[in-house]
Amino acid sequence: MKKLQIDLNYCYGIKNLKYEFDFNGGKNYLLYAPNGMMKTSFTKTFSALSHNKKPCDEAFNRPTSYTINDETNNPIVADDIFVINSYEDEYFSPNSAKLMVKKDLKKSYDDIMEKIQLSQHSLEEALKEYFNSNDVDFAKEITSLYGKSSIDFLETILNNAENDLFKQNEIHLNFKEISYTVLFDENIKKFCADPKNIEKIEDYSKCYDELLAASPIFKRGVFSQYNADATIANLNENRFFDAEHEVILNGIEKPISSIAELQTIVQKERNKIFKDDKLHKKFDKIDSELNKRALFKFRGIIEAYPEIIPLLKDFESFRKMVLGTALRSCKEFVLSVIDEYKKSQTLIVKIKEQAKSTRSQWDNVLDIFKSRFTVPFNIEVPNMEDVVLNNELPEFKFEYRDLETDEKVPIARKNLEKILSQGEKRALYLLNIINDLEAIKQQNKSVLIITDDIAESFDYKNKYAILEYIQDLASDENLNFIILTHNFDFFRTCSARMREMINPRMVSREKGALKIENPRYVFKNPFSEIKKGIYKNNDNDIITAIPFIRNLIEYANSMEDENYKKLTSLLHIKKDTLNITVKDLENIFEKSVTFSEKLNFSNGREDEKVYDLIVKTAKNIVKSGESSIDLDGKIILSMAIRLLAERFMINEITVVDKSGNVLEEVYKQNNQTGKLLGQYKKLCSEQHDNILLMNKVSLMSSENIHINSFMFEPIIDMSIKSLVDLFGRVSLLVD
């Protein structure tokens, strides 16, 4: 993308914004927007488009219109936009699995597996038919019996089919009538694991065993009801009785000569056991617990098949018995799978080992993250093999680490986020974002990336780490960044470090519309700019220099320096404030700072009072209607507001305190505005509205005048409109 033309009207909080972003020459954009100006609304607009949705005006439902076109005047599409929000709780990158896949290994694995999967598919279809279910992943069910994942299905079958599963006691249930998912539901497993229920099941089992021992037909572990049913089915299928054969059962004197007779005898013996009063009472106790837990479907199963109750005390063995019986019924398919797998087993094992050990793009992401960010946690993917070869989603395993002792403890992500600081949570979020960005790089196509305060809440080390990473990405000709921030320190740092690849801009409001413009104090030292203005006799720069030079005098000399006191009289109303002239100010500047040129800003106005110049200049700023982010204008307005407010409070206090003692005491102390406000509240307590106004002056103006260490973000961040309104209200009290 070479250019991006935007024209937004009533898109969330943006009433109007028109601008052309020019990405030619590999330049990206960095936008500084004070809080409440447009940052979130801009992000939400592009986020909506990236999800194929239309932006809107959420608050007032005003008619929204937008044009967002590239250099060919075509609208950009959803796939060409990626939005990084400041923070999203529990965000999970959908690209993690893509980055973990090693394509060459995946292709080799798929080629080998193609033949095997045909026989495996046949087995899985046979199991689905046996269990009358298309919803169950039986490969996963079988492998889970041995603590394996579904990718190990072939090895599990190879190692356990004939050695274990085929040797299980058979149990024939009619899965046309009952559901596998109901029978082995997780809630049933919990029910069977409850010690109280185990006791009831064992009590039932003991009684059942006693009845079984007394049976002439059934024998526990040798010939069960399932064996009897299987025998009857086998005899019937092979037309045993049609050949006039007979069966003699233990305890039954008369030979049996028909299927009907055999079924009747077996059912009679079965009823004798399960309709026993003692056993029935045992069943009622279990039934009561099932009703409490609303496990009604399972209750229906054991009511139809009470013989499975004794098996529930070892739930997993019972499940193995059921699955083993099913596999035995599909034995020809099982043996076919084993045969195909054995042919390629060595190569498959080798590929799986490579899948675990070979580096992927995901490993690169982790390297980027670990090398740049300092965080108290580690991340592993225990199912990497499944992700790479079986298209499964990654299961992240977190480990919390004590950075001082290096002590480690495994922890779930939800619990990890509870103990991480806000900055550390953002780092975890950023790991997922790095996943997304690295995946975008692999697409090798033009993508617009919008970032919303990506460095918020980070310490300086991690903040610089983010900056370096963005710098690396910004050099990719396919990626175009628009980086949004309300952190002026980050704005200046990012502008300086990425000077060759970024266009820094500031957002301001003018007559209801938003404006994106070049910044004044980013690449240039504010002192240098102010000095140039002083040489040109620019009143804005002359007045702006007053608090700067006052601070320099304090650092170089002391607060007792006469020139320091004179400049203080231009920031607070003192006895000499109204008498200090422009010529006096010029002399102070020349004595306090080394200038390369002779100062001449007092020429023709030597006797003009600096106080009047400050107020007049503030009025000119207000008249200009300029709403851009301007350091000079905000400092001058703040100075004028405080001088006017102090003059008003002094006048009001003088009316009440004729002696002048209160003011004499105030002049001796630091924090003059605060002391005056305290006395004004005390002596003029009935002036409620004006007291509220003076409170606002104290709150808004002080920090804008004392620019220590040149950290002027509070001044930049404050709305010029707020200062203009405050200046107008205070002016009315004095004029």
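The structure under discussion appears in the preceding block.
Note that the coordinates shown come from a computational prediction; the quantities given were computed from them, not determined experimentally.

Details of the pattern of salt bridges
Line of reasoning, step 1. All chains considered together, the criterion is met by 26 salt bridges.
Line of reasoning, step 2. A salt bridge links aspartate 453 to lysine 39, with the shortest nitrogen-to-oxygen separation between them at 3.0 Å. Of this pair, aspartate 453 sits in the loop between β9 (447-452) and α19 (460-474) while lysine 39 is found in helix α1 (residues 39-50), placing the two residues 414 residues apart along the sequence. Of the two residues, aspartate 453 and lysine 39, neither departs from the other in class, the shared state being buried.
Line of reasoning, step 3. Taking the shortest distance from any N to any O, the salt bridge between lysine 189 and glutamate 316 comes out at 3.8 Å. Here lysine 189, found in helix α7 (residues 186-193), pairs with glutamate 316, found in helix α13 (residues 315-329); they are 127 residues apart in sequence, far enough to count as distant.

Overview of the packing of aromatic side chains
Any aromatic ring pair is given by two values, namely how distant the centres are and how the planes are angled relative to each other.
Line of reasoning, step 1. Applying the stated criterion across every chain yields a total of 23 aromatic pairs.
Line of reasoning, step 2. Where tyrosine 19 meets tyrosine 29, the ring centres are 6.4 Å apart and the plane angle is 85 degrees; that geometry is what we call edge-to-face. Here the residue tyrosine 19 occupies a position in strand β2 (residues 14-22), and tyrosine 29 occupies one in strand β3 (residues 28-32), the gap between them amounting to 10 residues. With respect to burial, tyrosine 19 and tyrosine 29 carry one shared label: buried.
Line of reasoning, step 3. A centroid spacing of 4.7 Å and a plane angle of 70 degrees characterise the contact between phenylalanine 131 and phenylalanine 175, whose relative ring orientation is edge-to-face. Note that phenylalanine 131 is positioned in helix α3 (residues 103-131) and phenylalanine 175 in the loop between α5 (153-160) and α6 (180-183), a separation of 44 residues in sequence.
Line of reasoning, step 4. What makes phenylalanine 131 buried here is its relative accessible area of 1%.
Line of reasoning, step 5. Members of the aromatic cluster, connected to one another through ring pairs, are Tyr130, Phe131, Phe138, Phe175, Tyr180, Phe184, Phe315 and Phe318.
Line of reasoning, step 6. The cationic tip of lysine 531 hangs over the ring face of phenylalanine 595; the distance from NZ or CZ to the ring centre is 5.7 Å.

Structural notes on the sheet that holds strand β8 (residues 408-411)
Line of reasoning, step 1. With antiparallel pairing, the 3 strands of this open sheet are ordered in space as β6-β7-β8. In this open sheet, the two strands that pair with only one neighbour each are β6 (377-380) and β8. The sheet shows a mean angle of 30 degrees between the axes of neighbouring strands, taken without regard to direction.
Line of reasoning, step 2. Pairing geometry for strand β7 (residues 397-401) and β8, over 4 bridges, is antiparallel. Across the sheet, residue arginine 401 finds its bridge partner in β8, namely lysine 408.

Focus on helix α22 (residues 539-556)
Line of reasoning, step 1. Across its 18 residues, α22 extends 25 Å between first and last C-alpha, which sits within 8% of the 26 Å expected from 1.5 Å per residue.
Line of reasoning, step 2. Taking the largest bend as the criterion, α22 deviates by roughly 35 degrees, centred on isoleucine 546, and proline proline 547 comes between one and four positions later.
Line of reasoning, step 3. Buried within α22 are the following residues: Asp541, Ile542, Ile543, Thr544, Ala545, Ile546, Pro547, Phe548, Ile549, Arg550, Asn551 and Ile553.

So, the side chain of glutamate 586
Line of reasoning, step 1. With respect to the element layout, glutamate 586 can be found in helix α24 (residues 582-592).
Line of reasoning, step 2. From its side chain, glutamate 586 meets the backbone nitrogen of phenylalanine 601 in a polar contact 2.8 Å long.
Line of reasoning, step 3. Residues contacting glutamate 586, with those up to four places away along its chain left out, are Leu599, Asn600, Phe601 and Ser602.

Focus: the packing of helix α25 (residues 610-624) against helix α26 (residues 631-656)
Line of reasoning, step 1. Close contact between α25 and α26 brings their axes to 9 Å; oriented N to C, the two are set at 125 degrees. In terms of orientation, α25 lies oblique with respect to α26. The hand of the α25/α26 crossing is left-handed. Counted together, Tyr611, Ile614, Val615, Thr617, Ala618, Ile621 and Val622 of α25 and Gly633, Ile636, Leu637, Met639, Ala640, Leu643, Leu644 and Arg647 of α26 form the full contact between these two elements.
Line of reasoning, step 2. Of the residues contributing to the contact of α25 with α26, the split by class is 12 nonpolar, 2 polar and 1 charged.

A few points about helix α21 (residues 526-535)
Line of reasoning, step 1. Here α21 has its buried residues at Pro526, Glu529, Ile530, Gly533 and Ile534. All buried residues of α21 lie within an arc of 140 degrees about the axis, which places them on one face of the element.
Line of reasoning, step 2. Lining the buried residues of α21 we find α22 and α24.
Line of reasoning, step 3. Just beyond α21, the residue with positive phi is asparagine 537, at close to 60 degrees.

Rules behind the numbers
- Residues numbered from 1 in each chain as written.
- Predicted model: local features only at pLDDT ≥ 70, side-chain atom pairs only at ≥ 80, totals over all residues.
- Heavy atoms only, no water.
- Salt bridge = Lys/Arg side-chain N within 4 Å of Asp/Glu carboxyl O.
- Helix = DSSP H or I, 4+ residues; strand = E, 2+ residues; numbered from the N terminus.
- Buried < 20%, exposed > 50% of the residue type's maximum accessible area, 1.4 Å probe, protein only.
- Phe/Tyr/Trp six-rings, centres within 6.5 Å; stacked < 30°, edge-to-face > 60°.
- Lys NZ or Arg CZ within 6 Å of the ring centre and 35° of its normal.
- Pairing = 2+ DSSP bridges.
- Axes fitted to C-alpha atoms, helices over the stretch in contact; angles between N-to-C directions.
- Expected span 1.5 Å × (residues − 1).
- Bend = angle between axes of the 7 residues up to and from the residue.
- Polar contact = N/O pair within 3.5 Å; in protein donor to acceptor, adjacent residues only side chain to side chain.
- Contact = heavy atoms within 4.5 Å.
- Parallel < 35°, antiparallel > 145°, perpendicular 65-115°, else oblique.
- Left-handed = near helix turned anticlockwise from the far one by under 90°.
- Nonpolar A, V, L, I, M, F, W, Y, C, P; charged D, E, K, R; others polar.
- Arc of directions from axis to C-beta.

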